[in-house]
Every structure is written in C-alpha cells, then in structure tokens.
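If you want the building blocks of each chain, they are given just below.
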Amino acid sequence: MDPESVSGSGESRLKWYKTTLCLAYQSLGVVYGDLSTSPIYVYTSTFSGRLSLHEEDDEILGVLSLVFWTLTLIPLFKYIIFVLGADDNGEGGTFALYSLLCRRAKLGLLTASCVPDDDSCAQDPGPSVEDTRTSSLLKEFFDKHQSSRILLLLAVLLGTSMVIGDGILTPSMSVLSAVYGIKVKAASLHENYTVLIASAILVGLFALQHVGTHKVGFLFAPILLAWLLCISGVGMYNIVHWNPDIVNALSPYYAYKFFQKTGKDGWTSLGGIVLCVTGAEAMFADLGHFSHLSIRIAFTAVVYPCLILAYMGEAAYLSKHKQDLQRSFYKAIPEAVFWPVFVIATLATVVGSQAIISATFSIISQCRALRCFPRIKVIHTSSQIHGQIYIPEVNWMLMVLCLVVVIGFRDTDAIGNAYGLAVITVMFVTTCLMFLIIIMVWKRNVLAAVAFVVVFGSVEFLYFSACIAKVHNGAWLPLVFSLVLMSVMGIWYYGTLKKHSYEIHNRVSLETLLRLGLNNGVNRIPGIVLIYSNVVTGVPPMFAHFVTNFPTFHQILMFVTIQTLTVPNVLPHQRYLISRIGPPEFRIYRCIVRLGYKDARQDAHSFESNLIDSLVNILSCPGDDFIDGEETTVDQLQQSNPVVDGITVRHENGNGLNRRTVRFRGGINIEELKDLARAREAGVAYMMGNVGVVASDASSYWKKFVIDIVYGFLRQNCRRPSTALGVPHTSLIEVGMVYRV
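Residues numbered from 1 in each chain as written. Predicted model: local features only at pLDDT ≥ 70, side-chain atom pairs only at ≥ 80, totals over all residues. Heavy atoms only, no water.

Here's the deal with the overall build of the protein
Check the secondary structure of the protein and you find 27 helices and 10 strands. Split into buried and exposed, the 741 residues of the protein put 57% on the buried side. For the protein, the share of sequence-separated contacts (at least 6 apart) that also reach a separation of at least 24 residues comes to 83%. (Helix = DSSP H or I, 4+ residues; strand = E, 2+ residues; numbered from the N terminus. Buried < 20%, exposed > 50% of the residue type's maximum accessible area, 1.4 Å probe, protein only. Contact = heavy atoms within 4.5 Å.)

Given below as structure tokens:
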C-alpha cells in the first residue's frame, strides 16, 4: 500500500498506518532475528585469537567503538538509507539488483531467451532518465566486452551462493552459541549433550517452516521483542552498575587507538567483530516479505538502539571482569534473571535463524525462475504478501547441512570464521552492484558512486581481508560450498541455454506444419491440446517429431510458451500474448505467458480455463486490429500496441472479472467458436517433451562431462516439467527425444 494513494481517505490512511506497523512488528521475528542475536558471540569470537585483554581498557573500548561504527555504517547508513532504495519493484536481494541491471541497463545474460523486456511489464517502471556520459560509457564497455557480462553474472552467483551458505551457518552458529551458555551454570555438562540439544532445536525450527512466514512472524515477533528488551535492559544495568564511562568508546578515536596498540592482532580480530552485522543483508533480501517503511521503522526505532545498549553493557562488564572473557555474554547477566534470559536467548536464536532461511527461499526462487537453478517446488504461504514462500526440498537440505556443521565442527570459533567470511562477501558483492545501480539505473554522478564504494567498500574490504586470512581455521567452508553451488547454478544455466539453442535451430517452419495439415492427410481428433515448449516462433522439434511418427493431432492446437522476465511481477492484463497461426480453418494458435520471477504459477485446471476463456473472448469480438492468415509475432504485437492491448486476460479480483481483448479481422467466426466449444467438451490434453540432452560426438571431454554427467544428473533428480507446472498425469502426452548439443 502506498500512503499517497490513500491520502484522500482518513480511514484508508489509518488502515495504511496499522498495516505498516503490523509489518514492522512481524519483521522483528523474520528479518532481524539474526542481527539481534549477534551479541551472544561477538565478543567471544573477537577475543578467541591472539587478541587479549590488559589492565588498561584500550582493547575493550576499541572493540566497542568498532562494533558501534560498523553497526552505524553498514546496517543503518548503507542498507536502511541507500540499498533499500535499489529494490526491484519491491523485491530485494542480490538477484533483484542483477535483474534491475538486466532490465534497465541491459547488462544481463539471463534475458537472452526472453521476450524483449520493457518496463511496461513492471508494476512501477519509474521515471525515465536520460543516460549520463558515464552510464553511456559503461554500457558501451559491457556491450563491447562479453566477458564483462560473464564476470558480472559470476559475481552475482557468488553473492547468491554466499547468501544460501548463510542459510546453513546462521542456524548452526546461533543455536549452538546459545545452548553453550548452559555451561555457565553446568560446567560439567558433556559437549555431546549440548550438541544434541542444539540439533533437536534445529530440527524443530525447520519443521515449522511449512506454516509460512506470516504465521512464523507472529509467533516469533514477541520472542524477539522480549529478547531485545532483555538485552537492552541488562545492557543499561551493566553500564550504570559497572562502568558508566564506557559511553566514551562511541568516539572513533578509540578505534584508531585500538589498531595503533594491537597492530596485526587487532586486524585478525576483525573476523569476530564483523559478526555484529550478520543478518544485515536479510533486511534487503527479505524486502519482498514486507515493505521499505516497515523494515526501516523496526530497525531505527527498536533494533539499533537495543543492540548498541547490549554491546555497551557487555563491554562495561568485561572492563571489570576480564577473567570472564570466554563466557562474557552470559556472565554479564545478573543472577536473578539468568534463567529467563537464557531461555529467551535460546528461543531468540531460533528466531534469528528464520531471517536467513526466509531470505534463502526468496533467493533460490529467483534463481529458479531465471533458469539458474534446477526445478523445485515453490509454495506460496500467504495470499496477502506475495513474496512469502516455502520450498520443501531446500528446507530439508538446509536442515541436514546444518546438522552436519553442528555435529562436525562443534566449535563456535571455527563456525564463526566461516560465518564471517560468508556475510562480508555478500555485502561486498552488494556494494559492487550498487556502484553500477547508482550510475546506470539511478543515473547519478560518478562521484556519488565512487563515494559509496570508497566509504562502504573500504570498510567491507578490511573485514574481508581479515576473514579470508582464517581460511585454514573454518573459513574454507563457505568457499567450498559456494564453489559447489556456483557450479550447479552455472552448469544448469549452461545446459538449459544449450537445450534452448538446439530447439531454436531445429524448429520446423510454420509452412511445413501447414503443408502437413493440408496435403499429407494428418488426422484431427476431437479435443484441445496445449503444447508446451520454449519456442516462440515456428514449431518445436518435439512436436514435429511427434507428427512425423504419429500423424494425428487434436482439433484445436495451442502452442504455449511460459517465459520468466527479469521483473518481479507482470501485471495481470499484460500476462498473455495470444495469436493465430495460419488460416482460421486450421484452428492453430500460439500463447506466450509472461511471468515475473516472483509470480505464482496457476494450477493446470485454472490455467487451462483462463487460457480457453481468453481465446473465446478473442473470437467473440469483431474488429480489424489483427492480421488474419498468418502468425503475428510477439515483436509485431508489441509494436502495434506498446501497452499490449492485444492480450486477453481473465482474472478474479475484488471487483469481479477484468478483460482485455485482441480482435481478428473479418468479424465473429461462428464456426470457429463452435469448434472450440466442441473441442473443450471433448477434453484438454497437455503435450510436453521428455527430452534427453547429451553432448555431440565432436564435443570436448570437458563439455561431455558437464552436459552428459553433471547436467544429466541434475535433470534426472529435479522435478519434472509436468510436475512443476501441475499438469495432471492422466492428460499428459510426453514425447521422447534426444537433443545432441
């Protein structure tokens, strides 16, 4: 909801405020859990190496100063003020930035097989701004050097892989750190029991995911709110009781003094300090679940001040109890409230894990829609908030990998090293993409983009250098995982691209199909068949293969192509492009269904009903806007009407049924309508290719390994196209064919 759109109504404005505050409340349990539970392990991880405490408080004051300015610079300034403004029609995350560059600056590789994408597909295209000299030069550079586009895509895949890696490391680190707090009161408890308790909590967390972000948010938000109030209250108590002068550490002078005194040891400790901003990326990645204002309100009014008080309070306690360094967070809790805070801390770490799990679902859904991830089942868990989804396969794989990390490492220091590298890598990739966004999408002066990179990129690079130095001590884990995941996504995209290229080069001309229908006695049987393919012109090789071996097809043919554009959502009235192939008596049509990467796909029954109703409406409307006797291509249709009035759409909303129509020359064709009605009564069948993709004999050994083994394995173990589209098995016709690419 937009406040300007409801400015005329007091009741609507009040509803908007309530909705925003409600979303801000829910975001506490979904977005900020990870960021809010960082105090449990930041100081312990920071002082786990060679950095030690001395009689003076320089180290403690320096670490607190670094924590304060890191929280201020990265989550508050970078994300809340700048990065949230780079959303892609309400969606956030690494892929959202990339899709924005693909659409607005034409830098991507993921649109090669899509309908020419324009801002008319988006819900809010934004104002058109002329290119600056710098943006024009950058576009020329990317156009001239294809390798630069490949490097850009690899950087996006790296950031995406690291976000998914966070989905494994965040629950492992948070829950294990919280459970280890029990050793403060039960020092003799064996490590196996704490690992067992942490594992049980993780299983319960992932078992809850199927209920959806909306319900989980309402369940988790009060826990997180109670947690923030607890740590801020304990923090204020420790500041007043132990060391009120700790507030002086908010000066950046103490950060400078810290490096001056500690040198290399202080630099290596940055791998622990960076954990104070774990979960900051979730503010952007989870944007599709909430709204800009709700996320900003929750952070600035609640999360940020509570975290600052918590870190200050723990530092105040440490300044007087240096011997409690390894358990400083729990030692700093007053005895009277220890157990309630411990229980809330354990629950809060479960909440903290929710933020990155939700972000992982969003990121993987975007990758799947843009053909960079194998086919998986995406369940939309809310009819009000479109971006709230659940992916069963990913959920259970994350659970298994989390258990492997917890049981295998058992050491929060090693997991923290891995965690820090994954977090800062994602942030650094976001900063680099923002440089291009500022120049090429926002069309700002190059100095503004350089200033953004210098201010935030230099800080992140400093943290990155400290984290990468700990590769030998656990930080190798996100690198290995990202390498595997990038390989999977890259090979899937490469194999899909080769498959599509084969279909384009081996498609059959329309003239050949029409000649078969007229001269070679092809039998037509009652019914409608929807032929799914990736080919937008001509006849897919799969259907030509079918007709050659079995010269019979249904009375009504409709070639259906589903294309995902690099926009989050396509407006309902712009979703269908329908055209006729050949003369009316052939009863052959083409439909191109355009979806955004966040659009939910209808079940097969609803889709077929809307599609056939749309065709009926087209045939029922006389006019002269459409060329009869030949296929009208997508480009012709878009050029004839830039707002795509040639699309027939039927969709239910609160106001009833909406329609848009395209007209055929020559008036209403009664016989065509009768044939369509009879065919509909006879039933609808679905035809898809059951395609095997293998490398040609002349291919290199490397290509044969990638296509025949890796891509073949992924295709065999992902969801079949018919399952992903919800096509009923009883109505499915699969045509077997082998593509040699």
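Re the environment of Pro392
Position of Pro392 among the secondary structure elements: in helix 17 (residues 392-409). For Pro392, a relative accessible area of 16% puts it in the buried group. With 31 residues separating them along the chain, Pro392 and Phe361 place their C-alpha atoms 9.5 Å apart. Every residue in contact with Pro392, bar those within four places of it in the chain, is listed here: Lys377 and Ile379.

Thoughts on helix 26 (residues 701-717)
With 17 residues, helix 26 ought to run about 24 Å at 1.5 Å a step, and its terminal C-alpha atoms sit 23 Å apart, in line with that. Of all the bends in helix 26, the greatest measures close to 30° and is centred on Tyr711. The complete set of buried residues in helix 26 reads Lys703, Val706, Ile707, Tyr711, Gly712, Leu714 and Arg715. In this structure, the buried side of helix 26 is in contact with helix 20 (476-505) and strand 9 (684-694). (Expected span 1.5 Å × (residues − 1). Bend = angle between axes of the 7 residues up to and from the residue.)

Some thoughts on the packing of aromatic side chains
Taken as a whole and assessed by the stated rule, the structure comprises 31 aromatic pairs. Look at Tyr330 and Phe342: their rings are 5.9 Å apart centre to centre, the planes differ by 55°, and that puts the pair in the tilted class. Residue Tyr330 is located in helix 15 (residues 328-331), and its partner Phe342 is located in helix 16 (residues 338-369); the two are separated by 12 residues in the primary sequence. By the burial criterion, Tyr330 is buried, and Phe342 matches it. (Phe/Tyr/Trp six-rings, centres within 6.5 Å; stacked < 30°, edge-to-face > 60°.)

A look at the sheet that holds strand 3 (residues 523-532)
Strand order in the open sheet made by the 6 strands is 5-6-4-3-9-10, with mixed pairing throughout. Both edges of this open sheet fall to strand 5 (576-581) and strand 10 (732-740), since each of them pairs with a single strand only. Mean inter-strand twist for the sheet, computed between neighbouring axes without regard to direction, equals 25°. As defined by bridge partners, strand 3 adjoins strand 4 (residues 552-565) across 8 bridges and the pair is classed as parallel. Note on strand 4: the bridge partner recorded for Ile531 is Phe559. The strands touched by helix 23 (residues 604-619) within the sheet are strand 3, strand 4, strand 5, strand 6 (588-596) and strand 9, with strand 5 carrying the most contacts at an inclination of about 60°. (Pairing = 2+ DSSP bridges. Axes fitted to C-alpha atoms, helices over the stretch in contact; angles between N-to-C directions.)

So, the pairing of strand 9
The sheet contact formed by strand 3 and strand 9 spans 4 bridges and is parallel. If you follow Ile528 over to strand 9, its bridge partner there is Val684. Bridge count for strand 9 against strand 10 is 9 bridges, and the pairing is parallel. The partner of Val694 across the bridge, within strand 10, is Arg740.

A look at empty space enclosed by the protein
Taken as a whole and judged by the stated rule, the model has 8 cavities of 30 Å³ or more. Approximately 100 Å³ is the volume found for the largest cavity. Around the largest cavity sit 13 residues that line it, and Ile231, Val234, Gly235, Ala310 and Phe329 are the ones nearest its centre. Of all elements in the fold, only helix 9 (213-242) and helix 14 (292-320) reach the threshold of two or more residues within the lining of the largest cavity. No other element matches helix 9, which puts 5 residues into the lining of the largest cavity. Grouping the constituent residues of the lining of the largest cavity by class yields 9 nonpolar, 3 polar and 1 charged. (1 Å grid on protein atoms, 1.4 Å probe; cavity = no way out; pocket = protein on both sides within 12 Å on 5 of 7 lines; lining within 4 Å. Points joined across faces, edges and corners; volume = space filled by probe spheres on them. Nonpolar A, V, L, I, M, F, W, Y, C, P; charged D, E, K, R; others polar.)

Focus: a nonpolar patch on the surface
On the surface, a nonpolar cluster with roughly 260 Å² of combined accessible area is contributed by Phe77, Ile81 and Phe82. Within the secondary structure layout, Phe82 lies in helix 4 (residues 58-82). (Patch = residues over 30% accessible without salt bridge, like charges linked within 9 Å, V, L, I, M, F, W, Y side chains within 5 Å. Areas by Shrake-Rupley, 256 points an atom, 1.4 Å probe, with all protein chains shown as cover. Salt bridge = Lys/Arg side-chain N within 4 Å of Asp/Glu carboxyl O.)

Considering the side chain of Asn417
Structurally, Asn417 can be placed in helix 18 (residues 412-441). Taking relative accessible area as the criterion, Asn417 reaches 9% and is therefore assigned buried. Of the polar contacts made by the side chain of Asn417, one reaches the backbone oxygen of Asn473; its length is 2.8 Å. Apart from the residues lying within four places of it in its own chain, the contact partners of Asn417 are Lys470, Asn473 and Ala475. (Polar contact = N/O pair within 3.5 Å; in protein donor to acceptor, adjacent residues only side chain to side chain.)

Quick look at the side chain of Glu314
Inspection of the secondary structure assignment puts Glu314 in helix 14. Comment: no salt bridge for buried Glu314; closest opposite-charge side chain is Arg327, at 10 Å. Within polar-contact distance, the side chain of Glu314 engages the backbone nitrogen of Phe329 at 3.4 Å. Residues in contact with Glu314, not counting those within four places in the same chain, are Pro39, Tyr43, Ser328 and Phe329. (Lys, Arg positive; Asp, Glu negative; His and termini not counted.)

Details of the packing of helix 4 against helix 14
Where helix 4 contacts helix 14, the axes come no closer than 10 Å and their chain directions differ by 175°. One element, helix 4, and the other, helix 14, form an angle in the roughly antiparallel class. Between helix 4, through Ile60, Leu64, Val67, Phe68, Leu71, Thr72, Pro75, Leu76, Ile80 and Ile81, and helix 14, the contact on the second element is made entirely by Ile295, Arg296, Phe299, Thr300, Tyr304, Leu307, Ile308, Tyr311, Met312, Ala315, Leu318 and Ser319. (Parallel < 35°, antiparallel > 145°, perpendicular 65-115°, else oblique.)

Quick word on unusual backbone geometry
Of note in the backbone geometry, Lys443 takes a positive phi value of approximately 60° without being a glycine. Tracing the sequence through the fold places Lys443 in the loop between helix 18 and helix 19 (446-468).

Considerations on helix 25 (residues 670-682)
Between the first and last C-alpha of helix 25 there are 19 Å, a value that for 13 residues agrees with the 18 Å anticipated at 1.5 Å per step. The first or second residue beyond helix 25 is Gly683, which carries a positive phi of 120°.

Quick notes on the confidence of the model for the protein
Across the protein, the average pLDDT comes to 80, with 85% of residues at 70 or higher. Note that residues 111-127 has pLDDT below 50 and, in this model, 47 contacts with residues that lie over four places away or in other chains. Low confidence marks residues 623-667, where pLDDT is under 50. Its contacts with residues over four positions away, or in another chain, come to 113 contacts. (pLDDT = per-residue confidence, 0-100.)

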